[in-house]
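An overview of the molecular structure
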Amino acid sequence: MDSLSVIIPAYNEEARLASTVCRIHDYLKRQGREFEIIVVDDGSADGTAALARGLAAELGIKFIHNPVNSGKGFACKTGVMAARYGLSLICDADLSTPVEELEKMLPFPGQGCDIVIGSRALPGSDIRRRQPWYRQGMGKTFNLLVRLILFGGIRDTQCGFKLFRTDVAKELFGAGLVKGFSFDVEILYLARLSGRRIKEVPVRWTNEPNSRVRLFRDPARMFAELIKIRGYRARGKYRI
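Every chain begins its residue count from 1, and numbering advances along the sequence as written. In view of the model being predicted, local features appear only for residues whose pLDDT reaches at least 70, and side-chain atom pairs are presented and counted only at 80 or more, with totals across whole chains, interfaces and linings using the full set of residues. Note that water and hydrogens are dropped before the side-chain values are worked out from all heavy atoms of the structure.

**Comments concerning the pairing of strand β5 (residues 115-119)**
For β5, the tally of buried residues reaches five of five residues, placing the bulk of the element in the interior. Working definition: with a 1.4 Å probe on protein chains only, accessible area under 20% of the residue-type maximum means buried, over 50% means exposed, and in between means partly exposed. Starting at the N terminus, helices and strands are each numbered in turn, a helix being any DSSP run of H or I of at least four residues and a strand any DSSP run of E of at least two. Going residue by residue along β5, you find Ile115, Ile117 and Ser119 tucked away on one face and Val116 and Gly118 tucked away on the opposite face as well.

**Some words on the environment of serine 88**
With respect to the helices and strands, the residue serine 88 is situated in strand β4 (residues 87-91). Serine 88 sits 24 residues away from isoleucine 64 along the chain, and the two C-alpha atoms are 16 Å apart. For serine 88, the residues in contact, after removing those within four places along its chain, are Leu4, Ser5, Ile7, Ala83, Lys162, Leu163, Phe164 and Thr166. Among the polar contacts made by the side chain of serine 88, one reaches the side chain of threonine 166 at a distance of 2.8 Å. Any two residues whose heavy atoms approach within 4.5 Å are treated as being in contact. As used in this structure description, the phrase polar contact means that two N or O atoms lie within 3.5 Å; if the pair is within protein, one of them must be able to donate a hydrogen and the other to accept it, and residues adjacent in sequence are counted only when both atoms belong to side chains.

**A look at the packing of aromatic side chains**
Stacked, edge-to-face and tilted labels apply to pairs of Phe, Tyr and Trp rings (six-membered ring for Trp) whose centres lie within 6.5 Å, assigned for plane angles under 30 degrees, over 60, and everything in between, in that order. Taken as a whole, this structure holds four aromatic pairs when the rule is applied. Their ring planes at 10° and their centres at 6.2 Å tell us that phenylalanine 151 and tyrosine 189 sit as a pair that is stacked. Here phenylalanine 151, found in the loop between α5 (133-149) and β7 (161-165), pairs with tyrosine 189, found in helix α7 (residues 183-193); they are 38 residues apart in sequence, far enough to count as distant. A ring pair is formed by tyrosine 232 and tyrosine 238, whose centres lie 6.0 Å apart and whose planes are at 85°; its orientation type is edge-to-face. Residue classification places tyrosine 232 among the buried positions, given a relative accessible area of 17%. Grouping aromatic residues by their ring pairs yields a cluster made of Phe164, Phe173 and Phe183. Placement of a positive charge over a ring is assigned whenever Lys NZ or Arg CZ falls within 6 Å of the ring centre and within 35 degrees of the normal to the ring plane. In this structure, arginine 120 is placed above the aromatic ring of tryptophan 205, and the distance from its NZ or CZ to the ring centre is 4.9 Å.

**Here we look at the environment of glutamate 171**
With respect to the element layout, glutamate 171 can be found in helix α6 (residues 166-175). Given a relative accessible area of 33%, glutamate 171 falls into the partly exposed group. If sequence neighbours within four positions are ignored, glutamate 171 has contacts with Arg196 and Ile240.

This is the structure in structure tokens:
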């Protein structure tokens, strides 16, 4: 059975982090899988860090504290670089995609896939509660921009539930330069450039209303990050 590192980036997640970590911990323990859970606090302003330290003492999880808020991409990179097992799952602290969906993804690394990404946009995806219409529109616009500026062929780059071969994840995140919300796109772009195999799998997903993506500021930043990714590539900044 594959050993697994679970990486949870956390920013102001005091209200839901404990239930998420306990659910993942209990599920993987029941599976008899060798695993570790890595919580990366990205400079939270609430009690996330203290809560995570308590969970580390109680459950034996690994806790990493970034003293300054540096972005979700930076937090995920920090967690990936600390992972020590053969597969790495990056999942959001709200568990919009339940940890049980992992079972759909686990067969594919053994079939030669380097990255398996959960998708909300494939036939068979099970959307239990949808985003408001304006957030759906933002998502569709962003996906269109990804296709126009960087690459196509992936229906949902932004679902926060992705499984990597850990050696591949370390290579890709080690080469990545984006610290913000568009890090997913950059990592998949680098995977394409380096010939990695990517598999998209339909998953169950429930919109959590307390999104960390701020409606007016973050979409503009994400668009700017897409332009930066293209510029980094043109200037030979990626060492992969």
